[in-house]
Amino acid sequence: MKTGVGLVLGGAMSVQFGSAVAALLFPRAGAAGVVTLRLLIAAVLLLAVCRPRLRGHSRGDWQVVAGFGIALAGMNTLFYQAIDRIPLGPAVTLEVLGPLTLSVIAARRKASWLWAGLALTGVVLLGYQGFDRLDPAGAAFALGAGVMWAGYIVFSARAGQRFPKADGLALAMGAAALLSLPLGARPHLLEPVTLGLGTVVALMSSVLPYTLELRALRRLPTSTFAVLMSLGPALAVLAGWTVLDQRLSPVELLAVALVITASAGAVRTSRPTGNPASPDDAAMVTSAPPRQ
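Counting of residues starts from 1 at the beginning of each chain's written sequence and follows it residue by residue. Reporting of local features is limited, given that this is a predicted model, to residues whose pLDDT is at least 70; pairs of side-chain atoms are given and counted only at 80 or more, and all residues count toward the totals for whole chains, interfaces and linings. Calculation of side-chain values draws on the structure's entire complement of heavy atoms; hydrogens and water are dropped beforehand.

Things to note about a nonpolar patch on the surface
Note on patches: the residues involved have over 30% relative accessible area and no salt bridge, like charges join within 9 Å, and the nonpolar side chains Val, Leu, Ile, Met, Phe, Trp and Tyr join within 5 Å. Accessible surface is estimated by sampling points in the Shrake-Rupley manner with a 1.4 Å probe; for residues, cover comes only from the protein chains shown. Definition used for salt bridges: Asp or Glu carboxyl oxygen within 4 Å of a side-chain nitrogen of Lys or Arg. Together, Met13, Leu238 and Trp241 make up an exposed nonpolar region whose accessible area comes to about 260 Å². In this description a helix means any DSSP run of H or I spanning at least four residues, a strand means any run of E spanning at least two, and both kinds are numbered starting from the N terminus. Inspection of the secondary structure puts Leu238 in helix α11 (residues 232-244).

Notes on the packing of helix α2 (residues 59-83) against helix α7 (residues 136-162)
One way to put it is that α2 packs onto α7 with a least axis distance of 7 Å and a crossing angle of 155°. Taken together, the axes of α2 and α7 lie roughly antiparallel to each other. α2 and α7 meet at a crossing whose hand is left-handed. Grouping the constituent residues of the contact of α2 with α7 by class yields 17 nonpolar, 8 polar and 3 charged. Axis geometry follows a simple rule: fit a line to the C-alpha atoms, using only the stretch in contact for helices, then measure angles between N-to-C directions, giving values from 0 to 180 degrees. An angle counts as roughly parallel when it lies under 35 degrees, as roughly antiparallel when it exceeds 145, as roughly perpendicular when it falls between 65 and 115, and as oblique in every other case. Rotating anticlockwise by less than a right angle from the far helix to the near helix defines a left-handed crossing, while the corresponding clockwise rotation defines a right-handed one. The nonpolar class holds Ala, Val, Leu, Ile, Met, Phe, Trp, Tyr, Cys and Pro. Asp, Glu, Lys and Arg form the charged class, and all remaining residues, Gly among them, are polar.

What about the environment of Trp62?
When you line up the elements, Trp62 lands in helix α2. Burial classes: relative accessible area under 20% of the type maximum marks a residue as buried, over 50% as exposed, and values in between as partly exposed (1.4 Å probe, protein chains only). Looking at Trp62, the relative accessible area reads 33%, which means it is partly exposed. Along the primary structure Trp62 and Leu171 are separated by 109 residues, whereas in three dimensions their C-alpha atoms are 9.2 Å apart. Contacts are residue-level and defined by heavy atoms, with any inter-residue pair within 4.5 Å sufficient. Not counting the four nearest positions on each side in its chain, Trp62 is found in contact with Leu54, His57 and Leu171.

Notes on the packing of α2 against helix α3 (residues 88-95)
At a minimum axis separation of 9 Å, α2 and α3 run at an interaxial angle of 140°. Crossing of α2 against α3: the hand is right-handed. The segment α2 lies against α3, with Met75, Phe79, Ala82 and Ile83 engaging Leu88, Ala91, Val92 and Glu95. Tallied by class, residues from the contact of α2 with α3 come to 7 nonpolar, no polar and 1 charged.

Examining α3
With 8 of its 8 residues buried, α3 lies for the most part within the structure. Turning to α3, its buried residues number three or more, namely Leu88, Gly89, Pro90, Ala91, Val92, Thr93, Leu94 and Glu95.

A word on the packing of aromatic side chains
Only centres within 6.5 Å qualify two rings of Phe, Tyr or Trp (six-membered ring in Trp) as a pair; their planes then separate them into stacked at under 30 degrees, edge-to-face at over 60, and tilted for everything else. Applying the stated criterion across every chain yields a total of 3 aromatic pairs. Summarising the aromatic geometry, the rings of Phe26 and Tyr80 are spaced 5.9 Å apart at their centres and angled 55° between planes, so their arrangement reads as tilted. With Phe26 in helix α1 (residues 2-50) and Tyr80 in helix α2, this residue pair connects regions lying 54 residues apart in the sequence. Classification of Phe26 as buried rests on a relative accessible area of 8%. By relative accessible area, Tyr80 is classed as buried at 0%. Both rings, one in Phe68 and one in Tyr152, keep their centres 5.4 Å apart while their planes meet at 55°; by these two values the pair is tilted. Residue Phe68 is located in helix α2, and its partner Tyr152 is located in helix α7; the two are separated by 84 residues in the primary sequence. The buried category is assigned to Phe68, whose relative accessible area is 2%. In this structure Tyr152 comes out as buried when scored by relative accessible area, which is 2%. Grouping aromatic residues by their ring pairs yields a cluster made of Phe26, Phe79 and Tyr80. To sit over a ring, a charge needs its Lys NZ or Arg CZ within 6 Å of the ring centre and within 35 degrees of the ring normal. Sitting above the plane of the Phe155 ring, Arg158 keeps its charged end 5.7 Å from the centroid.

As structure tokens, this is what we get:
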């Protein structure tokens, strides 16, 4: 149990600190350039490791890959545009509303609406001092990333049902990388420092957390995994503070805490506890695998 908890927290910290490192790259490559670099490197690594079959798949399989790739590309593009404009903590807090909404809808229980109300209270508090302090465009990008995150969760589960191991993710990552090229491809992405930091971002935000979370899923109940993953906004605040020197007001910290509580409560309401999680189960209830 302790090992599983450590793996989940390690993966979640890797994702958020990877996002902080990505923000450091924005002056060199721009947000769109960093997305392209991160997705390309992650795709190459995943395709090399998984070596998925390209033949023998149905039209429906490829439609799932396409949807999964669009969700991945859109989620990363919108999220990186958000953290280029607002602090990492509030960006993840707004983004997590996508998976939270999906959990509330999936649960179909009255208690879920209480958690939704608590999350809404957190968002209102984030805007207490005016969303102009956060930058309205940045907040909108973060909310858009949350919508794409919900789509990512749905397609992740479907890919897990249609493809063995991580083959679906590898193919979708390749599709996402191709979709990102028109927006972010720039010659200076191949500069040694930019390429090196981009590789670090890809490893921290995709390869390492995915590996850790798959191992954790074999050790933890679904509900425990989901609740631990809901700590993402708190870890994002920590990463933003330590790496980017981003400090939040007490009201903003309270808002983040409310959204974390709402997310944890919603995922516990949406699924029974007790059985070990499968990757497909976890994908449907968490704020989940490596994407940022």
